[in-house]
Amino acid sequence: KFSIDSGYEQTKLLLRENPEIDSIFCATDSIALGALARLQEAGRQIPEEVALAGVGDTVSGRIVSPKLTSVHFYYKTSGKEAARLLLELLDGNEARKQIKMGYRVEERGTTRQR
């Protein structure tokens, strides 16, 4: 599940199985927010003891403390390109194309700065 609750519960299991874990990368910011809550509850120092990152660059990740490091995808640009390709397909152009979605890593307070 891609939820805050599942992030919390899975981090609880991770800490039980790997108490010396030093970093967690989550598939979504929601999962990472649950992980953050569990890590803080367990008294782990973030990012000094455990680095944490998510994917999605959500508003909620920017208002927690410490602020969540996250991968930002260019959804708007990718959506426009997908719409353009769909229109080409509807016009009869069946050429297949590969599109690589752009991204950037927003380094914030949950990871050690380089």
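Refer to the structure above for everything that follows.
Residues numbered from 1 in each chain as written. Predicted model: local features only at pLDDT ≥ 70, side-chain atom pairs only at ≥ 80, totals over all residues. Heavy atoms only, no water.

A. Structural context of a nonpolar patch on the surface. A cluster of nonpolar side chains, namely L86, L87, L89 and L90, defines an oily patch on the protein surface of about 430 Å² accessible area. Tracing the backbone shows L86 in helix 4 (residues 75–90). According to the relative accessible area criterion, L86 is partly exposed, its value standing at 49%. (Patch = residues over 30% accessible without salt bridge, like charges linked within 9 Å, V, L, I, M, F, W, Y side chains within 5 Å. Areas by Shrake-Rupley, 256 points an atom, 1.4 Å probe, with all protein chains shown as cover. Salt bridge = Lys/Arg side-chain N within 4 Å of Asp/Glu carboxyl O. Helix = DSSP H or I, 4+ residues; strand = E, 2+ residues; numbered from the N terminus. Buried < 20%, exposed > 50% of the residue type's maximum accessible area, 1.4 Å probe, protein only.)

B. Summary view of the nonpolar core. Of all hydrophobic cores here, the largest spans 14 residues; its most connected members are I24, C26, A32, L39, L52 and L68. With sequence-adjacent residues up to four places away left out, A32 is seen in contact with C26, L52, A53, G54 and L68. (Core = buried A, V, L, I, M, F, W, Y, C linked by side-chain atoms within 4.5 Å. Contact = heavy atoms within 4.5 Å.)

C. Representation of the pairing of strand 2 (residues 51–55) in the model. With five of five residues buried, strand 2 is to be regarded as a mostly interior element. By the alternation rule, side chains of strand 2 split into A51, A53 and V55 and L52 and G54, which are all buried. Remark: the strand 1 (residues 23–25)/helix 2 (residues 29–41)/strand 2 crossover connection has right-handed handedness. Note: strand 2 against strand 3 (residues 69–73), three bridges, orientation parallel. Bridge pairing in strand 3 links G54 to S70. (Right-handed = clockwise from strand over helix to strand, strands pointing away. Pairing = 2+ DSSP bridges.)

D. Highlighting helix 1 (residues 4–17). The terminal C-alpha atoms of helix 1 lie 20 Å apart, and with 14 residues this matches the ideal 20 Å at 1.5 Å per residue to within 8%. Those residues of helix 1 that fall on the buried side of the exposure criterion are S6, G7, Y8, T11 and L15. Those residues of helix 1 that are buried lie in contact with strand 1 and helix 2. (Expected span 1.5 Å × (residues − 1).)

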